[in-house]
Amino acid sequence: MIQSLNRRKSDLAKAEKQLEILSDGPFAEGELPTFQKKIAVSGQFPLRPKKLEILQINVGYMCNQVCKHCHVDAGPDRKEIMTRQTMSQCLEVLKSTSAHTLDLTGGAPEMNPDFRWFVEEASKIGVQDFIVRSNLTILRSNKKYHDLPEFFKKHRVHVVSSMPHWTKGKTDSQRGSGVFEQSIEALKNLNEVGYGKEGTGLKLDLVYNPSGAFLPGDQAALEADFKKALREDFGIEFNNLFALANLPISRFLDYLIASDNYEEYMYTLVEAYNPATVANVMCTNTLSVSWDGYLYDCDFNQMLHLPVKSSIKHISEYQEGILQDRDIAISQHCYGCTAGAGSSCQGSVS
Amino acid sequence: MQKTYYDPADLKKFGKISEWNEELGKKFFEYYNSVFEEGELSAREKSLIALAVAHTIQCPYCIDAYTGDGLQRGITKGEMMEALHVACAIRGGATLVHGVQMMNKVNKLEM
């Protein structure tokens, strides 16, 4: 298993170092336009939020996996975990927000000791779409997690899981040795309780990130290939596949630099820029809450320590009207969400 | 003076071919794009054929383009290499099958 940047004490563990790299090189030399300049051409700067639809809460950076592309730099060594007090503040916001979707992410959100309590309390409030982003292997990693498919079913949780490919080689190269087999077992467990099965209403979606320095292909075509292969090889069913580009931050940025792919990848992202995606990128309808309760435009900005440009900075002082009247913080990583068909936590956006 | 005949950056300039003959360039790219659309063969299958042909004609631009295209489509290394062996077998076979001509000639001339 590789180590997190944090554990390695890498310079790239620091958000300011990442932002420095993203503004340097071809962007500093004028070879490539900054994201601000690019969206200004189509009159979309400053980028502003639309109606709030999704509250995405990162309940901690601890994870049982150390994936090579992880934008969170998550891993077993990460100790940033949301407390029950911050969760309570999130629950208070949930009671009054106009957001129809609650999206729990991490790390592995299930590793937060108060995860089940939070899910139980949030489901009492009632949200239209309650997403938990599960890395799948956590469901098989320890006996104490084996009942999670039943727990998710009980609370009508919408499970969204990462799966970079339908073959072992590509999956394990991105997510670690043995991840493919464990993920397949976990998907079977979810299918057994009804997830991904027609007529159950239990949604199981997969997230595809390319396992290297290239962009995702057509989402519908990839979904068809995933469905065919997982059904034929393992009898596994799922609902939708979301194809997301990897953003050049954190461990994926480290990979790009180490493999001498950084500049070419940035050129690829800029060349694939699609102005039609800008109006629907996720930061326009999402608010991201960090493990310690601070507010960000998206999970990527959270990792880059780019807080919301608002007088309201923390979930404890939440006022939706004031928060939604803000400019969205951007940098060159944003090209990752506007390349090709665009990317969001809900898949393509164009 | 340019030190190599091929520059990877030139692939991105392919569209500029139309600048010196817009009509034929336009026709070519329309045809090209139609060829790669989903048809009785899937776009994925066409990508693998293109990759194999790219190696047969030894075009570095095409190899670059269709390796990247294959990765985007989720095509595996195994599938790519199998496609190449098909190209290789046909190319090798094409050499070897001419041996029949050689054999015919030798058999005709030798006592």
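In case you missed it, the structure is sitting above this.
Reading the values: rules and limits
- Residues numbered from 1 in each chain as written.
- Chains lettered and ligands numbered in written order.
- Predicted model: local features only at pLDDT ≥ 70, side-chain atom pairs only at ≥ 80, totals over all residues.
- Helix = DSSP H or I, 4+ residues; strand = E, 2+ residues; numbered from the N terminus.
- Rg over C-alpha atoms; globule rule 2.2 N^0.38 Å.
- Buried ≥ 20, exposed ≤ 12 C-beta atoms within 10 Å, placed from the backbone.
- Contact = placed C-beta atoms within 7 Å.
- Nonpolar A, V, L, I, M, F, W, Y, C, P; charged D, E, K, R; others polar.
- Axes fitted to C-alpha atoms, helices over the stretch in contact; angles between N-to-C directions.
- Parallel < 35°, antiparallel > 145°, perpendicular 65-115°, else oblique.
- Left-handed = near helix turned anticlockwise from the far one by under 90°.
- Pairing = 2+ DSSP bridges.
- Core = buried A, V, L, I, M, F, W, Y, C linked by C-beta atoms within 7 Å.
- Expected span 1.5 Å × (residues − 1).
- Arc of directions from axis to C-beta.

A separate point is the overall build of chain A. Helix and strand counts for chain A stand at 15 helices and 8 strands. Expected size for 350 residues packed as a compact globule is a radius of gyration near 20 Å; at 19 Å, chain A falls within 12% of this value. Overall, chain A is about 55 × 45 × 40 Å in size when its C-alpha atoms are taken along their principal axes. In chain A, which comprises 350 residues, the proportion classed as buried is 50%. Nonlocal contacts in chain A, meaning residues at least 24 apart in sequence, comprise 74% of its contacts between residues at least 6 apart.

All right, on to the interface of chain A and chain B then. At the interface, 12 residues of chain A touch 8 residues of chain B. Of all the secondary-structure elements, those providing two or more residues to the side of chain A that touches chain B are α8 (168–175) and α10 (219–234) of chain A. Ranked by residues supplied to the side of chain A that touches chain B, first place goes to α10 of chain A with 3 residues. Its residues assigned to classes, the side of chain A that touches chain B shows 5 nonpolar, 5 polar and 2 charged.

Let us now look at the packing of helix α2 (residues 43–56) of chain B against helix α3 (residues 60–72) of chain B. Residues and elements named next belong to chain B. One way to put it is that α2 packs onto α3 with a least axis distance of 9 Å and a crossing angle of 155°. Taken together, the axis directions place α2 and α3 in an arrangement best described as roughly antiparallel. Along this stretch, α2 crosses α3, giving a crossing that reads as left-handed. Here α2 contributes Ser47, Leu48, Ala50, Leu51, Ala54 and His55 to the contact with α3, which in turn contributes Cys62, Ile63, Tyr66, Thr67, Asp69 and Gly70.

Residues and elements named next belong to chain A. Among the 5 residues that make up strand β5 (residues 204–208), 4 are buried, leaving the element largely enclosed by the rest of the structure. Of the strand pairs in this sheet, strand β4 (residues 158–162) and β5 are connected by 4 bridges, and their pairing is parallel. Pairing of Val159 across the sheet is with Leu204, part of β5. Where β5 lies against strand β6 (residues 241–243), 3 bridges are found, and the strand directions are parallel. Bridge assignment links Val207 to a residue of β6, and that residue is Phe242.

The subject of this paragraph is the nonpolar core. Of all hydrophobic cores here, the largest spans 100 residues; its most connected members are Val159 and Tyr208 of chain A. Apart from residues lying up to four places away in sequence, Val159 of chain A is in contact with Val132, Ser134, Phe152, Leu190, Tyr195, Lys203 and Leu204 of chain A. Ranked by size, the runner-up nonpolar core spans 8 residues in total, among them Leu48, Leu51, Leu71 and Ala83 of chain B.

Moving on: the sheet that holds strand β1 (residues 54–58) of chain A. All names here are of chain A. The strand order across the open sheet formed by 8 strands is β6-β5-β4-β3-β2-β1-β7-β8, and the pairing between neighbours is mixed. On the outer flanks of this sheet lie β6 and β8 (295–296), each paired with one strand and no other. Here β1 pairs with strand β7 (residues 286–289) via 4 bridges, running parallel. The partner of Ile54 across the bridge, within β7, is Thr286.

Right, let's get into unusual backbone geometry. Omega for the peptide link from Phe45 of chain A to Pro46 of chain A comes to 0°, which places this bond in the cis form. Cis geometry marks the peptide bond from Gly106 of chain A to Gly107 of chain A; its omega dihedral reads 20°. At His305 of chain A, a residue that is not glycine, the phi angle is positive and equals roughly 55°. Relative to the elements of secondary structure, His305 of chain A occurs in the loop between α14 (299–303) and α15 (320–324). Judged by the 15 C-beta atoms lying within 10 Å of it, His305 of chain A is partly exposed. The backbone of Gln58 of chain B sits at a positive phi, close to 50°, despite the residue not being glycine. Structurally, Gln58 of chain B is set in the loop between α2 and α3.

Here we come to α2 of chain B. The end-to-end C-alpha distance of α2 of chain B is 20 Å, a good match for the 20 Å that 14 residues give at a rise of 1.5 Å each. Within the sequence span of α2 of chain B, burial applies to Arg44, Ser47, Leu48, Leu51, Ala52, Ala54 and His55 of chain B. Here the buried residues of α2 of chain B occupy an arc of 155° about the axis, which is enough to place them on one side. Residues of α2 of chain B that are buried make contact with α10 of chain A together with α3 and α4 (77–97) of chain B. Immediately beyond the C-terminal end of α2 of chain B, within one or two residues, lies Gln58 of chain B, with a positive phi of roughly 50°.

This next bit is on the environment of Leu204 of chain A. All names here are of chain A. Along the polypeptide, Leu204 turns up in strand β5. For Leu204, a count of 24 C-beta atoms within 10 Å corresponds to the buried category. For the pair formed by Leu204 and Asn240, sequence separation is 36 residues and the distance between their alpha carbons is 7.3 Å.

This paragraph deals with helix α11 (residues 250–258) of chain A. Residues and elements named next belong to chain A. The element α11 is extensively covered by neighbouring structure, given that 7 of its 9 residues are classed as buried. On the buried face of α11, the contacting elements are α1 (5–8), α2 (15–23), α12 (262–271) and α14. Backbone geometry just downstream of α11 places Asp260 in the positive-phi region, at approximately 60°.

Residue and element names in this part refer to chain A. Relative orientation of the contacting elements α8 and helix α9 (residues 179–192) amounts to 105°, with a least axis distance of 8 Å. In this view, α8 runs roughly perpendicular relative to α9, as classed from their interaxial angle. Across from Lys168, Thr171, Asp172 and Arg175 in α8, the residues of α9 making contact are Val179, Phe180 and Ser183. For the contact of α8 with α9, the residue count by class is 2 nonpolar, 2 polar and 3 charged.

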